[in-house]
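# Examination of the molecular architecture
Residues per chain, in single letters:
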Amino acid sequence: MEEMYVEWSRQARSAIEKPVPVRFNRGIRSVIVAGMGGSGIVGDVLSTLSSNYSSLPVITVKNHILPGFASREDLLLVVSYSGNTVETLRVFDSALERNIPMVAVSSGGLLKTRAYEHGIPYIQLPEGLAPRASLPSMLYGVLKLLYENNLLNIPFKIVEESVDFLEEKTGEAMAEAGLIAEWVHRSKGLLVISTHSPLESLGLRGKNEFNENAKIPVKVDVAPEWMHNDIVGYEEPFFKDFTVLEVVDPGDRVGVMLVDFMRTIYGRVTKSFHRLVLEGGSLLDKILYGSMVFGLSSCKLARMRGINPLKTASIQEYKKAAGAIFSA
Ligand code: PA5
């Protein structure tokens, strides 16, 4: 599975080279991104970028319910790598009923079939990847769509440069990933990803990658909100086996100081720390670099544990049951 991450710059490049499937000839109030897991993270990352670059508000929907406020003034992006995720398909169906403008994104499945049946613009993803490993295809496909429709304030040069950056940094990301995997494997405690705003989406991405590829539970702590609740939980925890992976943007002085402060609190219960300093010039570079390190390190950790990173048996078990649950 590691090779899917190593190919990320190629995925991103081919996504931004593809023509966009639709041009909207009117204003859009906000972008709503519906998707679950490895597809849903596209909405989180887009929302981080959009806040940072003052683009349109981005709302993420990671469930089966299209928000009541969604209207014909919004644009709904329905993202499902497989195209068969029941929650995402339900949002698609509700949007059809309510006439919400949409673009569907998948590698195939029912979403593709339904999009064609109903004349919904569609972005085709490459087939044969793990959903979570196809982040660049989904994210850059969507960034290009928004850019070509004047819905993105991020200079496209930043998007293009991030692809070159990813290519250049792949070797470094692999080396960093090896260190993290070995450290987590040695430490064995509950992995805590400790980071700062506005890196919430990256922290979440890290959690999801270690969950799905390495099959371990993970907690995400984000400052400064952490200082207003989680911090107290480290006063009297039931157990002290925490392994803290700090993730910092070195260009964000406040962010680094917040994470330094977090260490003084964790230090009362654990001595196990590793710091990932994000590489890159733009926020997009940094999120992609961190995501690549997480993808590769979680796969390496899986291998060290004799586990197949690609297989997600319990998600498949849930997906088999989900049809019945949602039609109950
Ligand atoms: O990365 C994964 O495999 C999962 O998190 C999936 O993305 C999630 O189960 C949703 O499936 P899909 O991306 O096919 O809609």
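Residues numbered from 1 in each chain as written. Predicted model: local features only at pLDDT ≥ 70, side-chain atom pairs only at ≥ 80, totals over all residues. Heavy atoms only, no water.

In the vicinity of the ligand, 13 residues are found, and the nearest of them are S39, S80, S82, T85 and R132. Contact between the ligand and G38: an oxygen atom at 2.9 Å from a main-chain N or O atom of the residue. Take S39: an N or O atom from its side chain is 2.4 Å from an oxygen atom of the ligand. For the ligand, whose accessible area on its own is 370 Å², the fraction buried by protein is 94%. Elements represented by at least two residues in the shell around the ligand include exactly α3 (37-52) and α12 (313-326). The dominant element in the shell around the ligand, judged by the number of residues it contributes, is α3, at three residues. Split by residue class, the shell around the ligand holds four nonpolar, six polar and three charged. (Near = heavy atom within 4 Å. Polar contact = N/O pair within 3.5 Å; in protein donor to acceptor, adjacent residues only side chain to side chain. Areas by Shrake-Rupley, 256 points an atom, 1.4 Å probe, with all protein chains shown as cover. Helix = DSSP H or I, 4+ residues; strand = E, 2+ residues; numbered from the N terminus. Nonpolar A, V, L, I, M, F, W, Y, C, P; charged D, E, K, R; others polar.)

Moving on, we get to the sheet that holds strand β5 (residues 122-124). The strand order across the open sheet built from five strands is β2-β1-β3-β4-β5, with neighbouring strands paired in parallel fashion. Both outer strands of the open sheet, β2 (58-61) and β5, are each paired with one neighbouring strand and no more. If you compare each strand with its neighbour and ignore which way they point, the axes differ by 20° on average. One ladder, built from four bridges, connects strand β3 (residues 75-79) with strand β4 (residues 102-106); its direction is parallel. Paired with V78 across the strands is A104, a residue of β4. Against the sheet, α3 touches β1 (31-34), β2 and β3, its axis set at about 160° to β2. Packed on one face of the sheet, helix α6 (residues 135-148) meets β1, β3, β4 and β5 and runs near 160° to β3. (Pairing = 2+ DSSP bridges. Axes fitted to C-alpha atoms, helices over the stretch in contact; angles between N-to-C directions. Contact = heavy atoms within 4.5 Å.)

Applying the stated rule across the entire model yields 11 aromatic pairs. When the ring of W226 is compared with that of Y234, the centres are 5.9 Å apart and the planes differ by 40°; the resulting orientation is tilted. For Y234, a relative accessible area of 5% translates into the label buried. Ring plane angle 55° and centroid distance 6.3 Å describe the contact between Y266 and F273, whose orientation is recorded as tilted. Pair check on accessibility: Y266 and F273 agree, each one buried. Following the ring pairs from residue to residue traces out a cluster consisting of W226, Y234, F239, F242, Y266 and F273. Note that R263 overlies the ring of F273, its terminal NZ or CZ placed 4.3 Å from the centroid. (Phe/Tyr/Trp six-rings, centres within 6.5 Å; stacked < 30°, edge-to-face > 60°. Buried < 20%, exposed > 50% of the residue type's maximum accessible area, 1.4 Å probe, protein only. Lys NZ or Arg CZ within 6 Å of the ring centre and 35° of its normal.)

For the rest of this paragraph, the subject is helix α8 (residues 200-214). Given a rise of 1.5 Å per residue, 15 residues ought to cover 21 Å, and the 21 Å separating the end C-alpha atoms of α8 matches this to within 8%. Judged by how many residues are buried, α8 sits mostly within the fold: 11 of 15 residues are covered. Among the residues trailing α8, K215 stands out with phi positive, at a value near 60°. (Expected span 1.5 Å × (residues − 1).)

For V163, the location among the structural elements is in helix α7 (residues 156-187). Sequence spacing of V163 and A12 is 151 residues, and the spatial spacing of their C-alpha atoms is 6.3 Å. Apart from residues lying up to four places away in sequence, V163 is in contact with S9, A12, R13, I16 and Y140.

The tendency in soluble globular proteins is for nonpolar side chains to be buried side by side. Counting 76 residues, the largest nonpolar core has L46, L77, L139, Y140, L143, F210 and L276 as the members making the most contacts within it. Aside from chain neighbours lying at most four places away, what touches L276 is E176, I180, L245, E246, V247, V248, Y289, G290, V293 and F294. Grouped together as the second largest cluster of nonpolar side chains are 18 residues, L66, M102, A115 and Y122 included. (Core = buried A, V, L, I, M, F, W, Y, C linked by side-chain atoms within 4.5 Å.)

Before going further, it helps to spend a moment on the side chain of E246. With respect to the element layout, E246 can be found in strand β8 (residues 242-248). The residues touching E246, leaving out its near neighbours within four places in the chain, are S194, V259, R263, F273, H274, R275 and L276.

Along its sequence, the protein is carved into domain 1 (2-154) and domain 2 (169-304). Placing the centre of domain 1 and that of domain 2 at their C-alpha centroids yields a distance of 27 Å. The partner domain 2 presents 22 residues to the 18 residues of domain 1 that form the contact. Between domain 1 and domain 2 lies a buried interface of about 1900 Å² when both sides are counted; carbon and sulfur atoms form 66% of it. In terms of surface lost to domain 2, no three residues of domain 1 exceed E2, Y5 and R132, which account for 33% of the buried area on that side. Connecting domain 1 to domain 2 are two salt bridges. The salt bridge involving E212 is made with R132; its shortest N-O contact spans 3.2 Å. Along the contact surface separating domain 1 from domain 2 lie seven residue pairs in polar contact (both at pLDDT 80 or more). Contributing elements (two or more residues each) for the side of domain 1 that touches domain 2: α1 (2-6), α3 and α6. (Domains from an automatic or database assignment. Buried area = accessible area lost by both parts, 1.4 Å probe. Salt bridge = Lys/Arg side-chain N within 4 Å of Asp/Glu carboxyl O.)

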